[in-house]
Amino acid sequence: MTLLSYYRLPSSLYFSFLLMGLCFCAFGQETSLVSGNYTNTSLKDVFLDLESKTDYKFYFLEEGMDQEKVTLNVSSRELDEVLNEVLASTSYNYYIKEDEKRIFIIKNAIIYDELPDGFFKDPTKEEADSSIGQRSNAPPPTFYNEEVRPTAKRYPLVRIGKSDPNNLRPEYTLSGKAINVVSGEAVPDLTIRVKNGDGFVITDGDGNFSIQLSSGYNVLVVRAMGIASTEREVIMYNDGNLDLMLEEGLQQLDEVVVQADAARNVEDADTGSEQIDSEASKNIPLVLGERDILQVAKALPGISSAGEGATGLNVRGGKTDQNLVLLDDAVIYNPQHFFGIFQALNPFTTKGVNIYKGAMPVEYGGRLSSVFDIRTKNGNVEKLAGEGSIGPVTGNLALEIPIVKEKSSLVVGGRGAYADWILRSLDEPSLNNSNASFFDGILKYHHNINDNNEVKATAYYSRDAFSITSDSLYNYDNRLFSLRWDRKMGERTTTAMVLGNSNYGFGIDFDGQANTDFNLDYSINETEFKYKFRTLLNERNTLDYGISAKYYSVNPGSIRPDGNESNISTIRIDKEQALEGALFLGDEFKLSEKFLLDVGVRYAFFAALGPGTQQRYQEGLPKNESTVQETLIYDGAEIIKTYGGPEARVSARYLFTPDFSIKASFNNSYQFLHTLSNNTTVSPIDTWKLSDLNISPQTGYQASLGLYKNFKENEYELSLEGYYKGMDNVLDFKTGADLFLNENVETEVLQGEGKAYGVEFLAKKNRGNLNGWLSYTYSRSLYRFDSEFSEERINNGEFFPSNFDRPHDVSVITNYRITRRYSISANFVYQTGRPVTYPIGTFRFNNADFVAFSDRNEFRIPDFYRLDLGLNIEGNHKKNKLAHSFVTISVYNVLGRNNPYSVFFVTENGEVKALQSSIFAIPIPSITYNFKF
């Protein structure tokens, strides 16, 4: 290369041109006609080629030029047209000084030929402090000195976008994704603020963000627990993207921090939302040392269960079937092992859970009470990593395996149980010869295709098998698969396409002494497709919209003889199937810096499909065999019955101060799926039933109002929230109902109304050696089943407490760090005893003795309380170790409280006696060894 053919642009000259402004003037003089054929050619080589074919000299900085490639074929075109096409998809502009035959290539910026009118102002005048950009629609030139920056450690300055003379604005949009540079995982709930400004944004659950920044120079301040404090300097020339690659902080996470960013509870419009990081359960003493985010959830206000050892969660007075539990976008019907004592989720592959018990996001539906959105981790894309534990009941292991460095990885997790000894140690003689086991496994693959596309796939399977008696083996399993494609469509829109399939089933294998051996099974399967969009419409409006469709297939149950000698007859209930769909649209509308409004509408649709047989009963009469009017037979895919309607999603937040807000919300929902059970608590062998001709969908609405206050830079957090929930068509059973393997199950159930209301209080300390939270809930959950016919009436048609009505619920979670390696933790729970129906007398009729029972749920079992203690011992903190470890020593139920699981009654010698069954009536010590590499 000769000096005549190429000139380096000195840095001082380069910056002098930048100081001339950010506006470009295209030249109008005639230029030479040029031709060229470029295939994946670097910009530098293109400019050198054009220079050789014209009498113009090109001036530019080489840095970064080789990374910009051009593919273009031009023939006899004006030089300015060629330059426009060459630079169209790059971040470069050009300026031609025609009289000197010079062409200057400038990155991002554009150049003024002349200063705008009024550029020089008299500084003594009052208006001297006003911005030049206020005198016109175009923003002013931005002046800065790159050599003069604050002394804080930062990443290199980044230029965003490319100046366009036809699109000059005072503000531009910066979009991107926050990513943990070590693990490759998205960083949700990260606060991104404009330094010395009022603007801020919080990343969503996938780490995405979009923020309005002033044209020119900005400093972004990034803060989150566990992430190193970061400042990023950006110069905004136009809308653009910037992914924030963030490093983990050197400080250790507080063990019981429930939210990654404590300000979220004040700043978001959501009511009744909670977040739990998997690390939050690390140092909380739970039964047998098992980390369990679902047990942690029960320590939060408004979430409880029917009792110790009961599966399922009751949220704000709702039934267990009213919760939508998702694992990586696919439904998991029973997320618990071993009668609800353990979660069916590997704690080392689980990232955390978002819980919505008030303002449900517009994309979710199909349940009345809550959404548990559980997310698994993305694997480490840099190196092999793993985590595991060995405890008295289970062994856990999770591996993160890089597949393509810095792009993709595979997470493999597995758990196995050796739990038979627990059943033999329980205070229940009938269980001494029982056995139980469970396992679960998970695979997750994620691949960052490029900056705009990411694919995730998850496969999960769990299975429980237990034998309570010597002649019956029970088993149940969950299976799911999900595939998700996240894509950025331009600078303002992101999309997610989700395909998921879930299956839940249970079986009973009976091997009796007589010829009554049989196999019984039940299953429900669903497949869902969802396509959702998120668009930053402008600086005030963010739209969420999309479509979802779901197909159900239910095997209501079958029983088959086991062996040729069995006298059991085969029974198979006709399969059920249905379609469920929804369209949704929501707008997060920022009315002002203080007032945020989130409104949405979701239209839900359901169609029960044939083939099948349905009974039509006489109007106004009880449903039984004597009132059958006709039997209807439906062909395959024929519509049996349709339901549906609009669902509202409205929530609002008003900021009194940056750390004090009031929120309100209202939403209504349809639920087309029901559980059939006549047990006091939910059981693994409860069946799910689709709405049909005779069973209507459940409907409900909820209104919430709350106050939220943070103190001392979000170290302390207080919230007080009240709610009221109304429900229709909730299911209960008739006395003595036979629900399983019943072809006409609608004759055994009732549909009525329910209401739930309460007040929830939460006080939390997020940081420091002493941290944790106190939660208190006062709530009521009541149902009413009324009819003019006595057989369809419960408690004379009056409201009565539900099985899970617990007016008072208190939880205290504390953790105290003694040193960097030693910490102690405590967990205290108190709950009002749940309702129960008692016998209140006996009478004799026709020479037979009968028991008279109270109204349903008129009495209560004794109150529940429990104290757990734990000691956590970490290994040394040397950086270069094969593995880091810690030991958890815990005692569950330190006080040895004999909390009743259930109360039942037997008759001996004509006398009715009450008996109590407990799960853990003595202190349960455990030691768990955890390791991480």
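Details of the structure are given in the entry above.
Residues numbered from 1 in each chain as written. Predicted model: local features only at pLDDT ≥ 70, side-chain atom pairs only at ≥ 80, totals over all residues. Heavy atoms only, no water.

### Looking at the overall build of the protein chain
Logical step 1: Summing up its helical and strand segments, the protein chain has six helices and 58 strands in all.
Logical step 2: Counting across all 933 residues of the protein chain, residues that qualify as buried make up 55%.
Logical step 3: Pairs at least 24 apart in sequence give 67% of the contacts found in the protein chain among residues at least 6 apart.
Logical step 4: When the accessible surface of the protein chain is totalled, it reaches about 40,700 Å², and 53% of it is carbon and sulfur. (Helix = DSSP H or I, 4+ residues; strand = E, 2+ residues; numbered from the N terminus. Buried < 20%, exposed > 50% of the residue type's maximum accessible area, 1.4 Å probe, protein only. Contact = heavy atoms within 4.5 Å. Areas by Shrake-Rupley, 256 points an atom, 1.4 Å probe, with all protein chains shown as cover.)

### Quick look at the sheet that holds strand β10 (residues 200-202)
Logical step 1: Taken in spatial order, the five strands line up as β7-β13-β12-β9-β10 in an open sheet, and their pairing is mixed. The outermost strands of the open sheet, each flanked by one partner alone, are β7 (158-160) and β10. The sheet shows a mean angle of 30° between the axes of neighbouring strands, direction not considered.
Logical step 2: Bridge analysis of strand β9 (residues 191-194) against strand β12 (residues 216-224) gives four bridges, and the strand direction is antiparallel. (Pairing = 2+ DSSP bridges. Axes fitted to C-alpha atoms, helices over the stretch in contact; angles between N-to-C directions.)

### Comments concerning the sheet that holds strand β19 (residues 323-327)
Logical step 1: With mixed pairing, the five strands of this open sheet are ordered in space as β16-β23-β24-β19-β20. Looking at which strands have only one partner, the edges of the open sheet turn out to be β16 (273-277) and β20 (330-331).
Logical step 2: Inspection of the sheet shows β19 paired to β20 by two bridges, in the antiparallel sense. Considered in β20, the bridge of leucine 327 is made with alanine 330.

### Side note on the nonpolar core
Logical step 1: In this structure, Tyr333, Ile524 and Phe606 are the most contacted members of the largest nonpolar core, which totals 46 residues.
Logical step 2: Contacts of phenylalanine 606, omitting those with residues within four sequence positions, involve Tyr552, Ala578, Leu579, Glu580, Lys641, Thr642, Tyr643, Phe672, Leu690 and Ser691. (Core = buried A, V, L, I, M, F, W, Y, C linked by side-chain atoms within 4.5 Å.)

### Notes on the pairing of strand β25 (residues 385-390)
Logical step 1: For β25, a buried count of five out of six residues is recorded, marking the element as mostly surrounded by other parts of the structure.
Logical step 2: Across six bridges, the pairing between β25 and strand β26 (residues 394-404) is antiparallel. Paired with glycine 386 across the bridge in β26 is leucine 399.
Logical step 3: Counted along the chain from β25 to the antiparallel partner β26, the turn is three residues long.
Logical step 4: As paired elements, β25 and strand β58 (residues 924-932) share four bridges and run antiparallel to each other. Looking at β58, one finds that isoleucine 390 is bridged to tyrosine 929.

### Looking at the environment of threonine 349
Logical step 1: When you line up the elements, threonine 349 lands in the loop between β22 (342-343) and β23 (350-356).
Logical step 2: Measuring from C-alpha to C-alpha, the distance between threonine 349 and glycine 441 comes to 10.0 Å, with 92 residues separating the pair along the chain.
Logical step 3: Among all residues touching threonine 349, those that are not within four sequence positions of it are Thr376, Lys377, Ala398, Val411, Gly413 and Ile442.

### Points about the packing of helix α2 (residues 43-53) against helix α3 (residues 79-87)
Logical step 1: One way to put it is that α2 packs onto α3 with a least axis distance of 12 Å and a crossing angle of 175°. On the basis of the axis angle, α2 is roughly antiparallel to α3. Together, Leu43, Val46, Phe47 and Leu50 of α2 and Leu79, Val82, Leu83, Val86 and Leu87 of α3 make up the contact between the two elements.
Logical step 2: Grouping the constituent residues of the contact of α2 with α3 by class yields nine nonpolar, no polar and no charged. (Parallel < 35°, antiparallel > 145°, perpendicular 65-115°, else oblique. Nonpolar A, V, L, I, M, F, W, Y, C, P; charged D, E, K, R; others polar.)

### A few points about the pattern of salt bridges
Logical step 1: According to the stated counting rule, one finds 47 salt bridges in the structure shown.
Logical step 2: When the shortest N-O distance is used, the salt bridge between glutamate 791 and lysine 734 registers 3.8 Å. Of this pair, glutamate 791 sits in the loop between β46 (770-784) and β47 (800-801) while lysine 734 sits in the loop between β44 (716-733) and β45 (749-765); the two residues are 57 residues apart in sequence, bridging distant segments of the chain.
Logical step 3: Judged by relative accessible area, which is 41%, glutamate 791 ranks as partly exposed. (Salt bridge = Lys/Arg side-chain N within 4 Å of Asp/Glu carboxyl O.)

### A closer look at the side chain of serine 304
Logical step 1: Within the secondary structure, serine 304 is located in strand β17 (residues 303-304).
Logical step 2: Given the relative accessible area of 10%, serine 304 is considered buried.
Logical step 3: Not counting chain neighbours up to four residues away, the residues in contact with serine 304 comprise Lys298, Leu313, Asn314, Asp809 and Gln831.

### Examining the side chain of glutamine 831
Logical step 1: By the element assignment, glutamine 831 lies in strand β49 (residues 822-831).
Logical step 2: Polar side-chain contacts of glutamine 831 include one of 3.3 Å to the side chain of arginine 806.
Logical step 3: Those residues in contact with glutamine 831 that lie beyond four places of it in its chain are Ser304, Arg806, His808, Asp809, Asp863 and Phe864. (Polar contact = N/O pair within 3.5 Å; in protein donor to acceptor, adjacent residues only side chain to side chain.)

### Describing a nonpolar patch on the surface
Logical step 1: On the surface, Leu591, Phe595, Tyr654, Phe656, Leu707, Leu720 and Val759 cluster together into a nonpolar patch covering about 550 Å² of accessible area.
Logical step 2: Note that leucine 720 resides in strand β44.
Logical step 3: The exposure class of leucine 720 is partly exposed, given its relative accessible area of 42%. (Patch = residues over 30% accessible without salt bridge, like charges linked within 9 Å, V, L, I, M, F, W, Y side chains within 5 Å.)

### Details of α3
Logical step 1: Listed in full, the buried residues belonging to α3 are Leu79, Asp80, Val82, Leu83, Val86 and Leu87. Angularly, the buried residues of α3 cover 155° about the axis, an arc narrow enough to put them on a single face.
Logical step 2: Packing partners of the buried residues in α3 comprise β2 (33-42), α2, β3 (57-60), β4 (69-78), β5 (92-97) and β6 (102-107). (Arc of directions from axis to C-beta.)

### Thoughts on the environment of glycine 706
Logical step 1: Looking at where glycine 706 falls in the secondary structure, it is placed in strand β43 (residues 698-711).
Logical step 2: Each C-alpha atom of the pair glycine 706 and glutamate 721 lies 3.9 Å from the other, and the pair is 15 residues apart in sequence.

### Brief notes about the packing of aromatic side chains
Any pair of aromatic rings gets described here by the distance separating the centres and the angle formed by the planes.
Logical step 1: Counted according to the given criterion, the structure contains 25 aromatic pairs.
Logical step 2: Geometrically, the ring pair formed by phenylalanine 342 and phenylalanine 438 is tilted, given 5.7 Å between the ring centres and 45° between the ring planes. Of this pair, phenylalanine 342 sits in strand β22 while phenylalanine 438 is found in strand β28 (residues 435-450), placing the two residues 96 residues apart along the sequence. In this structure, phenylalanine 342 and phenylalanine 438 share a single accessibility class: buried.
Logical step 3: Look at tyrosine 838 and phenylalanine 859: their rings are 5.1 Å apart centre to centre, the planes differ by 15°, and that puts the pair in the stacked class. Residue tyrosine 838 is located in the loop between β50 (835-836) and β51 (839-845), and its partner phenylalanine 859 is located in strand β53 (residues 859-860); the two are separated by 21 residues in the primary sequence.
Logical step 4: The exposure class assigned to tyrosine 838 is partly exposed, which follows from its relative accessible area of 22%.
Logical step 5: By relative accessible area, phenylalanine 859 is classed as partly exposed at 31%.
Logical step 6: An aromatic cluster of three or more residues is present, and its members are Tyr333, Tyr476, Tyr504 and Trp688.
Logical step 7: A cation over a ring is seen here: lysine 709 above phenylalanine 711, with NZ or CZ 5.2 Å from the ring centre.
Logical step 8: Arginine 856 extends its terminal NZ or CZ atom over the ring of phenylalanine 733, reaching a point 4.8 Å from the ring centre. (Phe/Tyr/Trp six-rings, centres within 6.5 Å; stacked < 30°, edge-to-face > 60°. Lys NZ or Arg CZ within 6 Å of the ring centre and 35° of its normal.)

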